[in-house]
Amino acid sequence: MPYQPPPDLAGLTLAQIAEQVAARKLPPVEQWSPEREGDSEMRIAADGTWFHQDSPIARAGMVRAFAGLLTRDADGAHFLVTPFEKLAIAVEDAAFIATDVGERDGALAFRLNTDELVVAGPDNRIVARGDTERPALYLQVRRGLEARLNRSTYEQLAQIALGQGDDWSVTSEGERFSLVPE
């Protein structure tokens, strides 16, 4: 069956976004304890491009498949995990790029470069890093992984913040997130 990407955020209600999020079946990486460890010879560039042995992975389906196996440990190291192997993967900045944001019924929904949808809230926090000269916004995704907001998504979120008040913060699912790095 061919891959069907979720529709644009602009055309979805919060209930439809929540349905898309719930329908995503990820491998149970947390339950696996592979004995073999190694290096995947892969990296994720700061722009979200995946590479294997310095060649870009051009097939989006392969990237989506690998993304489902991705995890990050408490020390910040990234791994691809299967029942048999745990392979290190180099990540220059964040594992994902947030490419779109939509505000629906008191929630902020983000689309990632892998077409995954994530709703910001208590389990998926928005974090501001950097400084006032070079701020960067990140969305916590899962398993310690993050998505960096690209420039247009950052600007969309700034417009939402201005619509919510003067303190450069946004609210999603009852949680308030500052867009100003500390």
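Residues numbered from 1 in each chain as written. Predicted model: local features only at pLDDT ≥ 70, side-chain atom pairs only at ≥ 80, totals over all residues. Heavy atoms only, no water.

(A) How the structure looks around unusual backbone geometry. The phi dihedral of Asp 54 is positive, around 65 degrees, even though this residue is not glycine. Mapped onto the elements of the fold, Asp 54 is located in the loop between β2 (50-52) and β3 (55-56). In this structure Asp 54 comes out as exposed when scored by relative accessible area, which is 62%. You will see that Asp 115, though not glycine, has its phi angle at about 70 degrees, which is positive. Within the element layout of this structure, Asp 115 appears in the loop between β8 (107-112) and β9 (117-119). Given a relative accessible area of 22%, Asp 115 falls into the partly exposed group. (Helix = DSSP H or I, 4+ residues; strand = E, 2+ residues; numbered from the N terminus. Buried < 20%, exposed > 50% of the residue type's maximum accessible area, 1.4 Å probe, protein only.)

(B) Molecular detail of the sheet that holds strand β12 (residues 146-149). Spatially, six strands are ordered β9-β8-β7-β12-β11-β10 in an open sheet, and the strand pairing comes out mixed. Two strands lie at the open edges of the sheet, namely β9 and β10 (126-130), each paired on one side alone. Each adjacent strand pair in this sheet contributes to an overall mean axis angle of 40 degrees, direction not counted. Bridge analysis of strand β7 (residues 96-104) against β8 gives six bridges, and the strand direction is antiparallel. The partner of Gly 102 across the bridge, within β8, is Ala 109. Against the sheet, helix α3 (residues 151-164) touches β7, β8, β10, β11 (135-140) and β12, its axis set at about 30 degrees to β7. (Pairing = 2+ DSSP bridges. Axes fitted to C-alpha atoms, helices over the stretch in contact; angles between N-to-C directions. Contact = heavy atoms within 4.5 Å.)

(C) Just helix α2 (residues 60-67), in detail. Of all the positions in α2, only Val 63, Arg 64 and Ala 67 are classed as buried. Projected onto a plane normal to the axis of α2, the buried residues spread over an arc of 100 degrees and lie on a single side. Contacts from the buried residues of α2 go to β2, β4 (70-72) and β7. (Arc of directions from axis to C-beta.)

(D) Just the environment of Asp 131, in detail. Among the structural elements, Asp 131 can be located in the loop between β10 and β11. Along the chain, Asp 131 and Val 180 lie 49 residues apart, while their C-alpha atoms are 8.0 Å from each other. In this structure the side chain of Asp 131 is engaged in a polar contact, spanning 2.9 Å, whose partner is the backbone nitrogen of Glu 133. A polar contact of 2.7 Å, which involves the side chain of Asp 131, links it to the backbone nitrogen of Arg 134. (Polar contact = N/O pair within 3.5 Å; in protein donor to acceptor, adjacent residues only side chain to side chain.)

(E) Region of the structure containing the nonpolar core. Counting 34 residues, the largest nonpolar core has Trp 50, Phe 110, Ile 126 and Leu 157 as its most contacted members. Formed by five residues, the second largest nonpolar core is a distinct cluster that contains Ile 17, Ala 107, Ala 109 and Leu 117. (Core = buried A, V, L, I, M, F, W, Y, C linked by side-chain atoms within 4.5 Å.)

(F) Fine view of the pairing of strand β5 (residues 78-81). The alternating pattern of β5 places His 78 and Leu 80 on one face and Phe 79 and Val 81 on the opposite face, and all of these are buried. Of the pairings in the sheet, the one linking β4 to β5 comprises three bridges and is antiparallel in character. Bridge assignment links Thr 71 to a residue of β5, and that residue is Phe 79. Counting the residues between successive antiparallel strands, the hairpin from β4 to β5 contains five residues, one of them, Gly 76, with a positive phi of roughly 95 degrees. The pairing of β5 with strand β6 (residues 85-91) spans four bridges and is classified as antiparallel. Looking across to β6, one finds that Phe 79 is bridged to Ala 88. As consecutive antiparallel partners, β5 and β6 are separated by three residues.

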